[in-house]
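Structure at a glance
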Amino acid sequence: MALELPDGESTRELIKCVVVGDGGVGKTKLICAQALGQSIQPEPKRTHVHCIHGSHKPSVFAIDKYYKSAEIQARSNMIVDGVPVALRLWDTFGDHQKNRRFAYQNSHVVALCFAVNCPQSLESVNHFWYNEIKNFCPKTPIILIGTKSDCRQDQPPEEAKPLRRTNFSQKIRECTIVTPRMGRQIAQEIGAYYYECSVLSMTGLQDVILNVIRAALCKQRGKRLLSKQLRKVLLPQLQVPQKPPRPQTPVIEVPPSTYHNDLTTLLESLFCYDVVFVVEGRQIKAHKAMLIAGACKMPMLFADQPIDGTECSVESQSVSDDGHILTVIIAEPSLTFNALNSLLQYLYSGSMPTCNVSSEIIEAAKFLNTTITKVVSEQNDAVNSLAFWKTVVAKNMQELLFEKQSVFADIWFDLEDNVIPAHKAILVSRCPMMAAMFQEGHFEEANRQIVKLPGMNLKAFLAVLEYLYTDEISKTYQGSKIAAMAVANFFCLPRLVALYEKVIVDEIETDMFNVKNVVEYLLEAEMHNATQLKAWGEHYIITNFDKINVNALKMLPIKTARSLESRRWPPVWYLLENDWYTKAAMREKTKLQKKHK
């Protein structure tokens, strides 16, 4: 079928470009991306795909689509260096056994493709395709195109060792990604120009199309010396190296707080309860530490006998073999079970089971001698009520931990010659590891009142306790953030680990850059399961690799250091390619200046 231009476009230069290469290298997608003017999304990944053999489904972009689609035909018309052209891209099968003689007829330029993520397809350039092209169209210019250049972002190419020379090419050693230098070497051997592109990101595609047309027009100029419009056509130009996009900086994500749910669960589970309210003949079990955190100041909590002027009675009785004391408070007759139960649910969870604060609940608040519900009754916004509850509870929890340590304490921690009192109920509700420690039948700490923690940092442990009590990171802690993060990881507290990861990252970003500190943090992050800090530290190093002292990397394991070096940004192949491009552009500029003299 002879190529013809539509009526009214006879002044355009008709360019027939035959696209060849192994199956699966992206010939059809390259043509479709140019014809449709949009990126081509990748197909679903297959379990086993090779360039020549495998599950690749061959397809061909039919040339008659240029005639059937006015949109595609219009996009194929362009002006290059002042010359109006009509480009016709001819797709072909990649099977070596197919006969492509018809496709090569009357071609003006051949686009020879290989995939940068398939070194075998580059080997075929010399072993098969070059010989076929020279057999059917020996004088037609060749453009060597490396497709799928975006694959280098996922897997940096390895630098090739010296290659052994064969007939027309150097033997491609076993590697996963072809470097630009390797592609350029093959192009030089077959007398072709070399370019790279990606139909996924559309980078380099216009360079390929423009220089394919220039190569064809320059060949035409040699045959039509009197053509004025071909005199200004440039030779195929150097392609600016495609710099990979900068890796996205990891964001430290802090898991949502479970403070509200943890304390709510404590009221429901009733683990380690130490006070029982008897109301209307029914029992309500609670925890003295939580009642104090809820701003309850009723004298009966601290008394072991009735208080004058009240209608309540107080009893103390032992409920376990270890001498655990339970306080039983028989409430006054005017108090209702539902009112006290609703009030306790608010003190533990920050939410009322009923929509409005009734007079009975206010009466229950007077019974517990707490003012927290008075403020709640004046607010209609549930969100503000919950925020106010957390503020009050956190403040009282901090006082309970640091100022009233011995009040109702039922567990003590021994570390660095200090004994730290605490409350099992709060620890069990907030820390799953401590819940396992203190429950019967799991660990030996379940039957001990003093738990020894040898080798643990005292200040860091107190900072972790403050988080368990208040759900906030300690503002007074001046010790090592890494030490506190290590204790948090020891007690399996991922949210606290993330909070310290964020604090450490913020400190590094605000201070002057110190690579040695980042490397040290990277080591500690890997040791203490701080995966987000590790990812951030690795990103910081690979994006500032040129500022790194070699001695700093020696602190890391050899495998880690090599991994960081292989993922550095900009990658080594880009730096080498950019250096080659700068020198080559300078040579071209010097040559052009000498020509005009």
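Described in the following lines is the structure provided in the data block. (Residues numbered from 1 in each chain as written. Predicted model: local features only at pLDDT ≥ 70, side-chain atom pairs only at ≥ 80, totals over all residues. Heavy atoms only, no water.)

1. Points about the overall build of the chain
- Summing up its helical and strand segments, the chain has 24 helices and 13 strands in all.
- Taking all 597 residues of the chain together, 48% fall into the buried category.
- Relative to all contacts within the chain whose residues are 6 or more apart in sequence, the contacts with residues 24 or more apart total 68%.
- Accessible surface, the chain: about 31200 Å² in total, of which carbon and sulfur atoms supply 52%. (Helix = DSSP H or I, 4+ residues; strand = E, 2+ residues; numbered from the N terminus. Buried < 20%, exposed > 50% of the residue type's maximum accessible area, 1.4 Å probe, protein only. Contact = heavy atoms within 4.5 Å. Areas by Shrake-Rupley, 256 points an atom, 1.4 Å probe, with all protein chains shown as cover.)

2. Focus: the pattern of salt bridges
- In total, this model carries 14 salt bridges according to the counting rule given.
- The partner of arginine 75 in a salt bridge is glutamate 71, with the nearest N and O atoms 3.3 Å apart. Taken as a pair, arginine 75 and glutamate 71 lie in helix α3 (residues 70-76) at a separation of four residues, close to a single helical turn.
- You can call arginine 75 partly exposed: its relative accessible area is 28%.
- Measuring nitrogen to oxygen at the nearest pair gives 3.4 Å for the salt bridge that ties glutamate 538 to arginine 567. Separated by 29 residues along the polypeptide, glutamate 538 in helix α21 (residues 531-542) and arginine 567 in the loop between α23 (558-566) and α24 (572-596) bring together distant segments of the chain.
- A relative accessible area of 14% places glutamate 538 in the buried class.
- For arginine 567, a relative accessible area of 33% corresponds to the partly exposed category. (Salt bridge = Lys/Arg side-chain N within 4 Å of Asp/Glu carboxyl O.)

3. What about the side chain of arginine 100?
- Within the fold, arginine 100 resides in the loop between β3 (83-90) and α4 (101-104).
- A distance of 2.9 Å separates the side chain of arginine 100 from the backbone oxygen of phenylalanine 93, its partner in a polar contact.
- The residues touching arginine 100, leaving out its near neighbours within four places in the chain, are Thr92, Phe93, Gly94, Asp95, Phe128, Trp129 and Glu132. (Polar contact = N/O pair within 3.5 Å; in protein donor to acceptor, adjacent residues only side chain to side chain.)

4. Concerning unusual backbone geometry
- Geometrically, the link from tryptophan 569 to proline 570 is a cis peptide bond, its omega value of -5 degrees lying close to zero.
- Following the sequence through the fold, proline 570 ends up in the loop between α23 and α24.
- One non-glycine residue, asparagine 106, lies in positive phi territory at about 60 degrees.
- Along the polypeptide, asparagine 106 turns up in the loop between α4 and β4 (109-115).

5. Focus: the sheet that holds strand β2 (residues 77-80)
- What the six strands build is an open sheet, ordered β2-β3-β1-β4-β5-β6; its pairing is mixed. Looking at the sheet topology across the chains shown, the edges are occupied by β2 and β6 (193-196). Across this sheet, the average inter-strand angle for adjacent strands is 35 degrees, counted without regard to direction.
- As defined by bridge partners, strand β5 (residues 142-147) adjoins β6 across four bridges and the pair is classed as parallel. Looking at β6, one finds that isoleucine 143 is bridged to tyrosine 193.
- Across the sheet, helix α7 (residues 180-190) lies against β4, β5 and β6, angled at about 150 degrees from β6, the strand it touches most.
- Packed onto the sheet, helix α8 (residues 205-223) meets β1 (13-21), β2, β3, β4, β5 and β6 and runs at close to 110 degrees relative to β3. (Pairing = 2+ DSSP bridges. Axes fitted to C-alpha atoms, helices over the stretch in contact; angles between N-to-C directions.)

6. Some words on helix α5 (residues 119-136)
- A rise of 1.5 Å per residue sets the reference length of α5, with its 18 residues, at 26 Å; its end C-alpha atoms lie 25 Å apart and thus fit the reference within 8%.
- In the structure, α5 departs most strongly from a straight axis at valine 125, where the bend amounts to approximately 50 degrees.
- Within α5, burial applies to Pro119, Ser121, Leu122, Ser124, Val125, Asn126, Trp129, Tyr130, Glu132 and Ile133. (Expected span 1.5 Å × (residues − 1). Bend = angle between axes of the 7 residues up to and from the residue.)

7. Quick word on α8
- Along its 19 residues, α8 runs 28 Å from first to last C-alpha, staying within 8% of the 27 Å computed at 1.5 Å per residue.
- Among the residues making up α8, those that are buried are Leu205, Val208, Ile209, Asn211, Val212, Ile213, Arg214, Ala215, Ala216, Leu217, Cys218 and Gln220.

8. Some details on the packing of aromatic side chains
- Counted under the stated rule, the structure contains nine aromatic pairs.
- Seen from their ring centres, phenylalanine 128 and tryptophan 129 are 4.8 Å apart, and the 85 degrees between their planes marks the pair as edge-to-face.
- Members of the aromatic cluster, connected to one another through ring pairs, are Phe413, Phe461, Phe490 and Phe491.
- The cationic tip of arginine 282 hangs over the ring face of phenylalanine 337; the distance from NZ or CZ to the ring centre is 3.7 Å. (Phe/Tyr/Trp six-rings, centres within 6.5 Å; stacked < 30°, edge-to-face > 60°. Lys NZ or Arg CZ within 6 Å of the ring centre and 35° of its normal.)

9. A short note on the pairing of β1
- Across the nine residues of β1, nine count as buried, placing the element largely inside the fold.
- Side chains Glu13, Ile15, Cys17, Val19 and Gly21 project from β1 onto one buried face, and the interleaved Leu14, Lys16, Val18 and Val20 project onto a second face that is buried too.
- Direction of pairing for β1 relative to β3: parallel, over a ladder of six bridges. Each residue of the ladder has a partner; that of cysteine 17, found in β3, is leucine 89.
- Alignment of β1 against β4, held across five bridges, turns out to be parallel. In the strand pairing of β4, valine 19 is matched with alanine 111.

10. With respect to the nonpolar core
- Judged by nonpolar contacts, the single largest core of 95 residues is most densely connected at Phe277, Leu340, Phe413, Leu427 and Phe461.
- Top element by residues in this core is helix α17 (residues 458-470). It accounts for nine residues.
- With near-sequence residues (within four places) excluded, leucine 340 lies in contact with Phe277, Val279, Ile284, Leu335, Ala364, Phe367 and Leu368.
- Ranked by size, the runner-up nonpolar core spans 36 residues in total, among them Ile145, Val199, Leu217 and Val233. (Core = buried A, V, L, I, M, F, W, Y, C linked by side-chain atoms within 4.5 Å.)

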